[in-house]
Every structure is written in structure tokens, then in C-alpha cells.
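# Coordinate inspection notes
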Amino acid sequence: MDQVGGFEAVFLDPVGQTVQQRWADAALAVAFEDLPPVSAFPVVPGRRWGPGLWWSATTGRHVAAGSNAMRTQLMVLDRDPDVTGLAGRPVRLLWRNPRGQVRSWVPQLFARRADGTALLADCPSHAGADGERAQGAAKAVAEACAHIGWSYRRLPPPDDVLAANLKWLAGYRHPRNAGRPGLTEAVIEAFTRPRPLIEGASAAGDPIEVLPAAFHALWHGQLTADLDTPLHEHVPVGPRGWSGPETGDAG
């Protein structure tokens, strides 16, 4: 397991046929971001949230999600400007442990980065949700990724306030929320000088029309606000790259 040649990749090709290939070769040649899940997400009786789909603003396509925790991480990655592609469970990794036993693991998330590298990730529902099998798989998958210049992470759940803010903004991620032609430009211009959200929205026009476009711009990073504090009508909003207010005064 200390050599990249010891890892194999299993995935479905574009016509749905199962393919098994040397991991290093597959990582170089396969667009995993375009593939369906290699196996179905498990359905756990009693859970309030089961498998579903996330519409990605990054790709304009749906991504399979197997849990609420995974959906939250998809939401975070979908807003990351360095991410260019997303997929749910597109590849299974196979390897042999030191005793020669075949082991396998299907990471929950695949994210392609702008530089062509990728992130494989799992999405535990809470800190410490690491069983012995998950810990062993994490070590092996991290090794497989490191060999080819990729990375593997077990993504911790975001803070509740940040998650709630992103969930709100995600409701405006679709291009239709940019509004009529010229509205996004007017919204961005209104916040060239940082000011409270409702003040800038009113300066750009009717807040009923403008606020969806402002939330759309906040989702896409065209505007900036502190998402570690609850969003409200007086939250300070500024231009792209603005570092936030120097004091706690919300204006």
C-alpha cells in the first residue's frame, strides 16, 4: 500500500459500464466530475434526511447527495471560486492492507479544482464520527491522493451560523435571481462603498426587486459580508474582497 500502483479505481463509464483501472491512470484520464455515483447512497431507516440532489451553480447540473451533512458540504464547495466541478461518490478505491486483504472505500465527494487537481472528501455529521474502518480508509485514501498531487479530507461541519447564512444565500444561487439586465451592475455599484444591506438595496431601486439580486451577488462573491454573524437587513455589505467592518457597528 506504500506504492500508488497498489491502488485501483472502480467507476462507471459514460454508458454505465463498470470499469476497474489503475488509480494513477484513472486519475490522469477520467473526468470524475462528469460521472454518476459508482454505487447508490445508503438509505438509513429513521433518518430525517435521505439521498437527494443538489443543483450546482458551479456546473449548472445536479449532484447526488446522500445526507444532510454532505449537502451542506456541497453547498460550501459550490460557492468556492477554486472549484470547477463536483460529483457525489463517483469512484471506489481498492487496495490491500498489510495482511494482503482487499479493502475498499467510496469517498462521498469529488471536487475538481481550477488547476486540474482534485479533492476527495467525506462528510461526517459531527466531530468525532470516525469509526475504525473510516479512520483506516481515510489514511489509505489520503495516501492514494498524495501520490498524484490530490488531497483527501474529512470535512468538519461548518458553524451553525455560517451554515444558516449559506443556506439562505444558496436559495438565490440560480442565475434567474440576478434579475433584469443591468440590475446586478446597479447592485454592485450601490455597495462600492460598504453600507448596510437595506440601505444599498434601496439605493439601487425597489428592495423587493433588488434584494434577490443582492443575495445572488453575495453567493457568487461579487459582494462581501461577514457570514459568521447572522444576516439581517442592516448587516454591512461591501464590494468583492472587502475585509469587513473594523468595528461591530452594523451601520
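What counts and what doesn't
Residues numbered from 1 in each chain as written. Predicted model: local features only at pLDDT ≥ 70, side-chain atom pairs only at ≥ 80, totals over all residues. Heavy atoms only, no water. Helix = DSSP H or I, 4+ residues; strand = E, 2+ residues; numbered from the N terminus. Buried < 20%, exposed > 50% of the residue type's maximum accessible area, 1.4 Å probe, protein only. Contact = heavy atoms within 4.5 Å. Areas by Shrake-Rupley, 256 points an atom, 1.4 Å probe, with all protein chains shown as cover. Lys, Arg positive; Asp, Glu negative; His and termini not counted. Charge placed at Lys NZ, Arg CZ, Asp CG, Glu CD. Expected span 1.5 Å × (residues − 1). Polar contact = N/O pair within 3.5 Å; in protein donor to acceptor, adjacent residues only side chain to side chain. Phe/Tyr/Trp six-rings, centres within 6.5 Å; stacked < 30°, edge-to-face > 60°. Lys NZ or Arg CZ within 6 Å of the ring centre and 35° of its normal. 1 Å grid on protein atoms, 1.4 Å probe; cavity = no way out; pocket = protein on both sides within 12 Å on 5 of 7 lines; lining within 4 Å. Points joined across faces, edges and corners; volume = space filled by probe spheres on them. Nonpolar A, V, L, I, M, F, W, Y, C, P; charged D, E, K, R; others polar. Disulfide = S-S within 2.5 Å. Pairing = 2+ DSSP bridges.

Right, let's get into the overall build of the protein. Within the protein one finds 7 helices and 13 strands. Here the C-alpha coordinates of the protein stretch approximately 65 × 35 × 35 Å along the principal axes. Counting the 251 residues in the protein, one finds 44% classified as buried. A separation threshold of at least 6 residues defines the contact pool for the protein, and within that pool the share at least 24 residues apart is 60%. Total accessible area computed for the protein in this model is approximately 13000 Å², and 53% of it derives from carbon and sulfur atoms. In the protein, which carries 24 positive and 26 negative side-chain charges, the distance between the mean positions of the two groups comes to 9 Å.

With that out of the way, let us pick up helix 7 (residues 207–219). Compared with an ideal rise of 1.5 Å per residue, which puts 13 residues at 18 Å, helix 7 spans 18 Å between its outermost C-alpha atoms and is within 8% of the ideal. When helix 7 is considered as a whole, its buried residues turn out to be Val210, Ala213, Ala214, Phe215, His216, Ala217, Leu218 and Trp219. The N-capping residue of helix 7, defined by a side-chain oxygen 3.0 Å from the backbone nitrogen of isoleucine 208, is aspartate 206.

The next thing to look at is the packing of aromatic side chains. Enumeration according to the criterion identifies 10 aromatic pairs in this entry. Aromatic pair tyrosine 172 and phenylalanine 215: ring centres 5.0 Å apart, planes at 45 degrees, arrangement tilted. You can see tyrosine 172 sitting in the loop between helix 4 (160–170) and helix 5 (183–190) and its partner phenylalanine 215 sitting in helix 7, a full 43 residues away along the chain. Here tyrosine 172 falls in the buried class, since its relative accessible area comes to 19%. Aromatic ring contacts, followed pair by pair, group Phe11, Trp23, Phe32, Phe110 and Trp150 into a single cluster. Taking the ring centre of phenylalanine 41 as reference, the NZ or CZ of arginine 89 above it sits at 5.2 Å. The ring of tryptophan 54 is capped by arginine 173, whose NZ or CZ atom sits 3.8 Å from the centre of that ring.

Here the focus is the layout of surface pockets. Volume-wise, the second largest pocket comes out at about 330 Å³. If you go around the second largest pocket, you meet 16 residues; those closest to its centre are Arg79, Pro81, Trp219, His220 and Gly221. A total of 3 residues in the lining of the second largest pocket trace back to one element, the largest contributor, which is strand 12 (residues 223–225). Classifying every residue of the lining of the second largest pocket by side-chain character gives 7 nonpolar, 5 polar and 4 charged.

To continue, consider the state of the cysteines. Applying the stated rule across the entire model yields 0 disulfides. The structure places no disulfide on cysteine 123, whose sulfur is separated from the nearest cysteine sulfur, that of cysteine 145, by 14 Å. The exposure class of cysteine 123 is buried, given its relative accessible area of 6%. Given the relative accessible area of 0%, cysteine 145 is considered buried.

Another aspect to go through is the side chain of threonine 184. Within the secondary structure layout, threonine 184 lies in helix 5. Engagement of the side chain of threonine 184 in a polar contact is seen with the backbone oxygen of alanine 178, the distance being 3.5 Å. Not counting the four nearest positions on each side in its chain, threonine 184 is found in contact with Ala178 and Gln222.

With that settled, consider the pairing of strand 9 (residues 118–122). For a regular strand, the rule is simple: side chains alternate between the two faces of the sheet. With 5 of its 5 residues buried, strand 9 lies for the most part within the structure. Judged by which residues are buried, strand 9 turns out to be covered on both faces: Ala118, Leu120 and Asp122 on one side and Leu119 and Ala121 on the other are all buried. Here strand 8 (residues 109–113) pairs with strand 9 via 4 bridges, running antiparallel. For phenylalanine 110, the partnering residue across the bridge sits in strand 9 and is leucine 120. Between strand 8 and strand 9, which pair antiparallel in sequence order, lie 4 residues; one of them, glycine 116, sits at a positive phi of approximately 95 degrees. Here strand 9 runs beside strand 10 (residues 151–154); their pairing, made up of 4 bridges, is parallel. Following the sheet pairing, leucine 119 is matched in strand 10 by serine 151.

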